[in-house]
Amino acid sequence: MQLQQDDIAILITKVDKMENNDLLKLTAFMPEVTDYNSALNSLAERWNLLTLLGQMSNLGMDMSDTREAFQRLTEQLLVKLGGERLKKLTSEMSSKAQVAVDIVIRNLFERTADIGFLATDDDIREYMEHVLINNKTDDAYRHKKTKLKKELIQRFNEYVAKYSVYDNIVLLNTSGEILVQLDQNNSCTKSSCHFINDALTTSQDYVEYYDYCDITPSKEKTLIYAFKVTRTNDAGSEVLGVLALFFKFEDEMRGIFNNLIEKEDWLNILLLDSSSKVISSSDAYQIPLGATMQKVINSEYKIVRFAGREYLAKTCKTKGYQGFFGLDWLGHVMIPLEHAFTITSETVLPSLDTTVLQSVMRNSNLFGEELITIPKEAEKIQRELDITVWNGNVKIANTKSGDNSFSKSLLVEISKTGSKTKTIFEDSIANLNNTVTSSILNDVSFLAKLAIEIMDRNLYERANDCRWWALTTFFRKSLKSEHPNYGAMSEILAYINNLYTVYTNIFIYDKNGVVVAVSNQDESHIIGNKLNHSWVVDTLSITDSQLYSVSPYAKSSFYANRSTYIYGASITDIQNHNEVLGGIAIVFNSEPEFYAMLADTLPKDRDDEIEENYFALFCDREKTIISSTNKELKVGDTLNIENSFFDLKSGESYANIIEYDGKYFSVGASLSKGYREYKIHDNYSNDVIAIVFAQIADVDEESANAEKEETKSYSYSKPQNTEQTTDISTFFLGNMIYGIESEYIIASLSHQPLTKIIGCNEYFIGVISHKGKTIGIVALYSLITGEKFSYDHTIHDVILLSLVDEGREVSLGIAIDRIFDSPEIANKDIQHYKSSLTGSNTLTKAVVRPEKDIHKEELLSILDVHAIYKKMVDCTSKV
């Protein structure tokens, strides 16, 4: 069935101050809303008919209030369901737009350090000086020039083999002539690109350039990082030329998009430049490069039109990284309206404990007041409907004349329609709860994926750094020399460490494992120490410049007895790579760096502090904590949680609701899968799990510790047409079902307040006024068990009884949990007991034999109304 827009329009207009005027339009694209609306519309028509028939029957039933109550709840439910689906989608869009731009900005921040350091490389300077300053024409000069160029190309190859984010390195003179480039298939010999002049004249440490470039064969724009090459590091030193690194922009964005978009996803993720033009697209066939997009920054979303199609769109500015904002690019997400709310595998929830979920809903503010009241209101309406049907059956049972077949059939139909309505409401409420729950779980799962990706990307750079610095020509020559210049080596290390501040120390040791140079003079006391750590032994055995070593994550004397990783690479002879001269070790400043990775992932409050209900961890498979934003969980501690996320496979993620430390948390976890070559093609294996906790509720001790009591069920056979029968009306008291002969019942009442009588006994809990009579109410549970019963009119029902005692009519009420059904039972199945067998004080008048001879099944007890009244009178007389 198609959604009836007029019906939805009525729903929307009845909601006060709707935050989204677009919701009316968007609900047409929400399959759940349209399906529920169609089903409920069909039932609404049935309720209209039943209301009319009820007024025509001899029962005089008026279903108008029930019908209107269902209609009001339908309106509230459908609008809330539509709103939550929209909220979930726009939250996902915003998160992915933000990550798309922030992840690439983090990457490009590292590139600014690369160009600044590589431009000071001695090999590059030596070549430039030979070509430009010692410009001669003799054979010796040409031979050396060729040799230096060949060595420099090889050095460029070594560089991109490690920093694989680049596809070309170009060295130019100040006139734009290309002296050396990595790409030997590129025929360009001179460039007039603006970045050359910018690099020569800038006072900054780098030039970031994104535009068309005549060096690049393709017609697409190129992202270039460039800086001037000078004779020395001194300010004002002679400028020799320009070095340019060509970033694999599309390759990088493809990886980012693939991590953010699921296979079934209809999201289009874009990167926009400062003028809102598309510079990268996850689906260039749908949204091509160069197209101008409408920015949506100051609102949660907007419906926009592009190429004859409507989309939901969201734009995010970058948050920057350590003060670096790049070229003011924007993350932008668009999704076609017709597929915006398509249910995908990402919507499927893990298996959640029902008790846990209900407890979370009761105690968490994440679900909102409406999500709590809607189920309560549905239950209230259903109870009132049950009361109506139950009372109708009582009235039929007590009708002495006339044909009641129509009324009985009408009650059956009302009961069936009520059951169908209840099922649809329960299903839609469950769907609503699932929408909110899945949104919460998707959030923490997404954050965990982001945290581990940031870690993998960061440590990829560390593996690159140690290998590249091990190839520093001065280190190789000095360690080979009979008279090594360790002081100069320390100066170079200090210069490097000043640029790359994520390390507390960088040190070099010789082939015997003796430390000979350090970057941090505060650590100079380790010079002369002979190292025998396993990672040092591993490093000194490496002869391949692509390999590296990493220490276990453990406390280290090189890091003030705190836990960290130490990355290492061997330093080999320039001529004979199989000859290991020593090694370089870089001590990662893990404590603040890992904390920052986790903290940057988590939501912040107005003061830019981590929201108090969130914390995150890095752990290994043994549950040892590597880093934590929770002060109670220290590095090196064991996370005391038994959970399946420690068994994740590479790249897998997990999300669920768990109980931890007396609270319920939505927890997302993701196992590292590496980045580019790191942990994928480099023989390094080290499983780390990012875990994000979001506190969503306190544990409800009562519900957590309550035993799950099974509600008793009873079976009884249906009477044949000629059999004598008795109408029984049944009800719940605790988890038990009891029955009373319908002839004694006046009616049942729900949500009935009581007036307490001061000084009465504990069984007599109050009085009510009913049709001009004041009727006393008895706590039947207390009479049966002797235990106290606390009446609550919002959840308990009252049954009014009428009996004749000593020739006078007496009215009495009993408080129960809730009414149940009204079976007509064959008299042959009702077994009465005499007081000689059961005692004089029993409240049970008879039991009903089950439909089949099931020996283990309890029997339905029919209570004796006169015995109840007598016991109440006896108890009252003792007060």
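Look up a bit, the structure's there.
Residues numbered from 1 in each chain as written. Predicted model: local features only at pLDDT ≥ 70, side-chain atom pairs only at ≥ 80, totals over all residues. Heavy atoms only, no water.

(A) A look at the side chain of glutamine 382. Within the secondary structure, glutamine 382 is located in helix α10 (residues 368-397). By relative accessible area, glutamine 382 is classed as buried at 8%. For glutamine 382, the contacting residues outside a window of four places in its chain are Phe70, Gly418 and Lys422. (Helix = DSSP H or I, 4+ residues; strand = E, 2+ residues; numbered from the N terminus. Buried < 20%, exposed > 50% of the residue type's maximum accessible area, 1.4 Å probe, protein only. Contact = heavy atoms within 4.5 Å.)

(B) Spotlight on unusual backbone geometry. The phi dihedral of alanine 307 falls on the positive side, at around 50°, and the residue is not glycine. Residue position: alanine 307 is located in the loop between β8 (302-306) and β9 (309-317). Even without a glycine there, the phi angle at aspartate 328 is positive, about 60°. Residue placement: aspartate 328 occurs in the loop between β9 and β10 (330-336).

(C) Helix α15 (residues 590-601), seen in detail. Taking 1.5 Å as the rise per residue, α15 with twelve residues should run 16 Å; its terminal C-alpha atoms sit 16 Å apart, in good agreement. When α15 is considered as a whole, its buried residues turn out to be Ser590, Glu593, Phe594, Met597, Leu598, Ala599 and Thr601. Those residues of α15 that are buried are in contact with α11 (405-469), β15 (562-564), β17 (580-588), β18 (614-620) and β19 (625-628). (Expected span 1.5 Å × (residues − 1).)

(D) The packing of α10 against α11, seen in detail. Look at α10 against α11: their axes get within 10 Å of each other, and the N-to-C directions meet at 170°. Classified by the angle between their axes, α10 and α11 sit roughly antiparallel to one another. Each of Leu371, Ile374, Pro375, Ala378, Gln382, Leu385, Val389, Gly392, Asn393 and Ile396 in α10 lies in contact with α11, whose residues at this interface are Ser407, Lys408, Leu411, Ile414, Ser415, Gly418, Lys422, Ile429, Leu432, Asn433 and Val436. Looking at the contact of α10 with α11 residue by residue, the class counts come to twelve nonpolar, seven polar and two charged. (Axes fitted to C-alpha atoms, helices over the stretch in contact; angles between N-to-C directions. Parallel < 35°, antiparallel > 145°, perpendicular 65-115°, else oblique. Nonpolar A, V, L, I, M, F, W, Y, C, P; charged D, E, K, R; others polar.)

(E) Summary view of helix α5 (residues 122-133). The first and last C-alpha atoms of α5 sit 15 Å apart over twelve residues, in line with the 16 Å expected at 1.5 Å per residue. Along α5, the positions that sit buried rather than exposed are Asp123, Ile124, Arg125, Tyr127, Met128, His130 and Val131. For α5, the capping residue at the N-terminal end is aspartate 121, with a side-chain oxygen 3.1 Å from the backbone nitrogen of aspartate 123. (Polar contact = N/O pair within 3.5 Å; in protein donor to acceptor, adjacent residues only side chain to side chain.)

(F) Fine view of the sheet that holds β8. The antiparallel open sheet is built from five strands, whose spatial order is β7-β6-β10-β9-β8. Of all the strands in the sheet, just β7 (278-281) and β8 have a single pairing partner and so form its edges. Each strand of the sheet is rotated relative to its neighbour by a mean of 35°, with strand direction disregarded. Sheet analysis places strand β6 (residues 268-272) next to β10, joined by five bridges and oriented antiparallel. Residue pairing across strands places leucine 271 opposite glycine 331, the latter belonging to β10. (Pairing = 2+ DSSP bridges.)

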